[in-house]
Amino acid sequence: MTPPPPFSACWRSADTLAVLARWLIGGLFLYMGLSKALQPVDFLKLVREYDVIHASALLNLVAATLPWFEIFCGLLLLLGVAVRGAAAMAVVMLVPFTVLVWLRTMEMSQASGLSLCELKFDCGCGGGEVWICRKLVENVMLTLLSAWLITSRNRRFCVRPRLL
Amino acid sequence: METVLVAAAGLIFALVANALSPRGLRLNRDYFPQADKPTTVASGMTNTVSSSSPSDNADATSERLARQGLQQVKSLQVVAWFRDARYEQGAVVFVDARNEVHYAAGHIPGAWQFDHYHAERYLPTVLPICLKAEQVVVYCTGGDCEDSEFAAIILRDSGIPREKLFVYVGGITEWTTNGLPVETGERRSGQLIPRP
């Protein structure tokens, strides 16, 4: 009996990793989105604290829709529907958010004299107060994982991996 | 193309979900009327830090209230009004500007709840009571909490004369620190937090 080609084991590992990545990112987005959607006023106050959006209508739009958008993308990833599109949306959300958290952390660090890894606050991710150092690392990892999912050809446990 | 479709579908889903959710935000409402730049608060390993100093905050709060035509009231006066017989008669009214969870956890005994983020639910009850009162004291957590100011602005814009409206900047935090009675649950529940 001939042994299977060496790359098929790698392929199976990549496949499994893609499924796990989908479920991890999807589950996180679903959880974080739900916790914010259930307390939209608290999220609105947090978005305001970033002092980036000043027009009340736009502030309300972001605070009202972002949590539900996260839930939507989370569900798509969990179910394996439009995986590339959902993963791309995850990157689109994660990158600016991570940058904003970084900028806010730098501002706090300068104001307080504390280092990055000594700061803890509610960044608006849906997990309450977090150590920012750890949060930034997590976000970067999630962004990289989401970006990898965009290129992944995995089809396992997918309801409809591609819409078109 | 798939990304665009996901984005469009996601936005529609989000708008519909927000509209249907009983906790949804109203897109055309200004939840922070006449607001200044928000203060950021964070915790460090040893202490809580803010993007501005406490004295800066106090000065900024006083200036902000004055600009909006609101009066600030200090702890001594608040306690005097609380102990005045007119309080029981409804001539002095306390308004708690926090949400249900915080209100139920502890409020000034007899205070009316007015979560200004859902003003339409509370105004029908609170407004007539405030109109009859001689002094209306609005408070929230204290410190960097601006909810009392926003609630006072809404009450002012709803017809409560400015001369009657007072913002207790120290809030429930200062009230509790001073060892004053705190009621839990509903208004006039009679459940007071025992003092140590």
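Note that the structure is a prediction, hence the values are computed from the model and not measured. (Residues numbered from 1 in each chain as written. Chains lettered and ligands numbered in written order. Predicted model: local features only at pLDDT ≥ 70, side-chain atom pairs only at ≥ 80, totals over all residues. Heavy atoms only, no water.)

Undergrad: What is the right way to look at the overall build of chain B in this model?
TA: From N to C terminus, chain B includes eight helices and seven strands. Here chain B holds 196 residues, and 48% of them are scored as buried. Sequence separation of at least 24 residues holds for 65% of the intrachain contacts in chain B that already meet a minimum separation of 6. Of the roughly 9,600 Å² that chain B leaves accessible, carbon and sulfur atoms contribute 58%. (Helix = DSSP H or I, 4+ residues; strand = E, 2+ residues; numbered from the N terminus. Buried < 20%, exposed > 50% of the residue type's maximum accessible area, 1.4 Å probe, protein only. Contact = heavy atoms within 4.5 Å. Areas by Shrake-Rupley, 256 points an atom, 1.4 Å probe, with all protein chains shown as cover.)

Undergrad: Which parts of the structure should I look at to understand the layout of surface pockets?
TA: Summary: where empty space remains is shown by rolling a probe the size of a single water molecule over the atoms. Residue and element names in this part refer to chain A. In this structure, the second largest pocket occupies an estimated 800 Å³ of space. Lining the second largest pocket we find 31 residues, and of these F43, L66, E70, M93 and F97 sit closest to its centre. Every element with two or more residues in the lining of the second largest pocket is listed here: helix 1 (6–37), helix 2 (40–49), helix 3 (56–79), helix 4 (83–112) and helix 5 (132–151). Broken down by element, the lining of the second largest pocket gets its largest block of residues, seven residues, from helix 4. (1 Å grid on protein atoms, 1.4 Å probe; cavity = no way out; pocket = protein on both sides within 12 Å on 5 of 7 lines; lining within 4 Å. Points joined across faces, edges and corners; volume = space filled by probe spheres on them.)

Undergrad: How do you make sense of the interface of chain B and chain A when you look at a structure like this?
TA: Accessible area lost during the coming together of the parts is what is often quoted as the interface size. Counting residues at the interface gives 44 residues for chain B and 46 residues for chain A. Interface of chain B and chain A: buried area, both sides summed, is about 3,600 Å²; carbon and sulfur atoms make up 69% of it. Applying the counting criterion to the chain B and chain A interface returns two salt bridges. Linking A:R48 and B:E146 is a salt bridge whose minimum nitrogen-to-oxygen distance equals 2.9 Å. At the boundary of chain B and chain A, one finds eight residue pairs in polar contact (both at pLDDT 80 or more). Sorting the residues of the side of chain B that touches chain A by element identifies helix 1 (2–20), strand 1 (41–44), strand 2 (48–50) and helix 7 (147–157) of chain B as the ones contributing at least two each. For the side of chain B that touches chain A, the element with the most residues is helix 1 of chain B, which contributes 13 residues. (Buried area = accessible area lost by both parts, 1.4 Å probe. Salt bridge = Lys/Arg side-chain N within 4 Å of Asp/Glu carboxyl O. Polar contact = N/O pair within 3.5 Å; in protein donor to acceptor, adjacent residues only side chain to side chain.)

Undergrad: Explain the sheet that holds strand 7 (residues 165–168) of chain B to me, please; I cannot follow it from the model alone.
TA: The strands making up a sheet associate through backbone hydrogen bonding, with each pair oriented either parallel or antiparallel. Residues and elements named next belong to chain B. Read across the sheet, five strands follow the order 3-7-6-4-5 without closing on themselves; strand pairing throughout is parallel. Every other strand in the sheet has two partners, leaving strand 3 (71–73) and strand 5 (112–113) as the edge strands with one partner each. Where strand 4 (residues 92–96) and strand 5 come together, two bridges link them in parallel fashion. Note that in strand 5 the partner of V95 across the bridge is W112. Lying over the sheet, helix 3 (residues 75–83) contacts strand 3, strand 4, strand 6 (135–139) and strand 7, oriented at roughly 80 degrees with respect to strand 3. (Pairing = 2+ DSSP bridges. Axes fitted to C-alpha atoms, helices over the stretch in contact; angles between N-to-C directions.)

Undergrad: Just checking my understanding: could you explain the packing of helix 3 of chain A against helix 1 of chain B for this structure?
TA: The packing of two helices is summarised by the inter-axis angle and the distance between the axes. One can describe the packing of helix 3 of chain A onto helix 1 of chain B by two numbers: an axis separation of 8 Å at closest approach and a directional angle of 120 degrees. The orientation of helix 3 of chain A relative to helix 1 of chain B falls into the category oblique. Both helix 3 of chain A and helix 1 of chain B take part in a crossing whose hand is right-handed. Note on element contacts: helix 1 of chain B touches helix 3 of chain A through B:V6, B:A7, B:A9, B:G10, B:L11, B:F13, B:A14, B:L15, B:A17 and B:N18, opposite A:L61, A:A64, A:T65, A:W68, A:F69, A:I71, A:F72 and A:L76. (Parallel < 35°, antiparallel > 145°, perpendicular 65-115°, else oblique. Left-handed = near helix turned anticlockwise from the far one by under 90°.)

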